[in-house]
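Close look at the chain arrangement
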Amino acid sequence: MDGSVSTEPLFRAAIVIPVYNHEEAIGPTLASVLEYGYPVLLVDDGSGPACRDVLINLDRQYDERVQLIRLAQNGGKGAAVKAGLRHLFALGYTHAVQIDADGQHDLTDLPTFMATGKRQPEALVTGYPHYDASVPALRYYARYLTHVWVWINTLSLRIKDTMCGFRVYPLAKVVELLDQESCGNRMDFDPEVIVRWAWRGWPVENLPTQVHYPIDGVSHFNAVKDNVLISLMHARLFFGMLVRLPKILSNRRHV
């Protein structure tokens, strides 16, 4: 060693997978993730006995490569992701890659997401999906209403998709955001956190990724409850955008 000090930003990443009653899908999903050599944090979002037992066995099977934390009650996808992000930050990781448990994400894109996060360590790297024929038509078209609202609430088209759960988060920044602002605990988390991220003028990087709908046929999206929560979130964000308008425009000039 020559004694020189590296100026390359530290990049220490782990995978966070929120899990709620995906006992059939989580095993294959986890095995695929582990092929890439990164540590994995499973967050059991109050699953029932069948999934709980599968997760405990997976934690034992993979030893130090996998860690399991369990939430006492089901709080929703957002609550599980937030718990996972905070846990990894406390362990000293710099970045967390969020992946869904149901196997819908194309994990061959994981190296690209990691490389982008390492190259742009201050950016939230988010996937924008290319769907195959497995996507439900209603879900496919309804998600664009959320996109339109996000474009309005950020006064920008720079976020190409707001619902994709395949993301790289810089942990110091996202934990700071979560400490200071409320974000939804269910399916409203993904769009809300990225809007609040954009309001701060922080960078977002969009990457295309193939998505297919889940290998176990289980979806926890509640068409009534989650759509109501998402609609209320958009209304809340719209008025929040109006209040923050001067700051949003100022941040944009400095990006």
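Rules and cut-offs
- Residues numbered from 1 in each chain as written.
- Predicted model: local features only at pLDDT ≥ 70, side-chain atom pairs only at ≥ 80, totals over all residues.
- Heavy atoms only, no water.
- Phe/Tyr/Trp six-rings, centres within 6.5 Å; stacked < 30°, edge-to-face > 60°.
- Helix = DSSP H or I, 4+ residues; strand = E, 2+ residues; numbered from the N terminus.
- Buried < 20%, exposed > 50% of the residue type's maximum accessible area, 1.4 Å probe, protein only.
- Lys NZ or Arg CZ within 6 Å of the ring centre and 35° of its normal.
- Salt bridge = Lys/Arg side-chain N within 4 Å of Asp/Glu carboxyl O.
- Lys, Arg positive; Asp, Glu negative; His and termini not counted.
- Contact = heavy atoms within 4.5 Å.
- pLDDT = per-residue confidence, 0-100.
- Pairing = 2+ DSSP bridges.

Looking at the packing of aromatic side chains
By the definition in use, this model includes two aromatic pairs. Between the aromatic rings of phenylalanine 113 and phenylalanine 166, the centroid separation amounts to 4.0 Å while the plane-to-plane angle is 0°, which identifies the pairing as stacked. Residue phenylalanine 113 is located in helix H4 (residues 110-119), and its partner phenylalanine 166 is located in the loop between helix H5 (137-154) and strand E6 (167-170); the two are separated by 53 residues in the primary sequence. Since its relative accessible area comes to 0%, phenylalanine 166 is described here as buried. Where tryptophan 197 meets tryptophan 202, the ring centres are 4.8 Å apart and the plane angle is 75°; that geometry is what we call edge-to-face. The pair tryptophan 197 / tryptophan 202 is uniform in exposure class, with both members buried. Above the ring of tyrosine 93, the side-chain terminus of arginine 12 is found at 4.0 Å from the ring centroid.

Considering the pattern of salt bridges
Per the counting criterion, the structure on display carries 11 salt bridges. With a closest N to O distance of 3.7 Å, lysine 173 and glutamate 122 form a salt bridge. In this pair, lysine 173 sits in helix H6 (residues 171-180) while glutamate 122 sits in the loop between H4 and strand E5 (124-131), placing the two residues 51 residues apart along the sequence. Between arginine 200 and glutamate 176 there is a salt bridge whose closest N-O contact spans 3.4 Å. Residue arginine 200 is located in the loop between helix H7 (189-199) and strand E7 (204-211), and its partner glutamate 176 is located in helix H6; the two are separated by 24 residues in the primary sequence. Classification of glutamate 176 as partly exposed rests on a relative accessible area of 33%. Through salt bridges with shared partners, a single network forms among Glu176, Glu181, Glu192, Arg196 and Arg200.

Describing the side chain of lysine 82
Within the fold, lysine 82 resides in helix H3 (residues 77-90). Although lysine 82 is buried, it forms no salt bridge, and the closest oppositely charged side chain is glutamate 192 at an N-O distance of 7.4 Å. Sequence-distant contacts of lysine 82, defined by excluding residues within four places in its chain, comprise Leu178, Cys183, Gly184, Asn185 and Phe189.

With respect to the side chain of threonine 126
Note on placement: threonine 126 falls in strand E5. In contact with threonine 126, not counting residues within four places along its chain, are Phe113, Asp161, Cys164, Phe166, Arg167, Ile194, Val204, Glu205, Asn206 and Leu207.

Things to note about the confidence of the model for the protein chain
Residues with a pLDDT of 70 or more make up 78% of the protein chain, whose mean pLDDT is 85. Under a pLDDT of 50 for its full length, residues 1-6 has, in the predicted model, zero contacts with residues more than four places off or in other chains.

Digging into the pairing of strand E1 (residues 13-19)
Counting buried residues in E1 gives seven out of seven residues, a clear majority hidden from the surface. Side chains Ala13, Ile15, Ile17 and Val19 of E1 all project onto a buried face; the interleaved residues Ala14, Val16 and Pro18 project onto the opposite face, where all are buried too. Pairing of E1 with strand E4 (residues 95-98) involves four bridges; the strand directions are parallel. Considered in E4, the bridge of alanine 13 is made with histidine 95. Looking at chain direction, E1 and strand E2 (residues 40-45) are connected through five bridges and run parallel.

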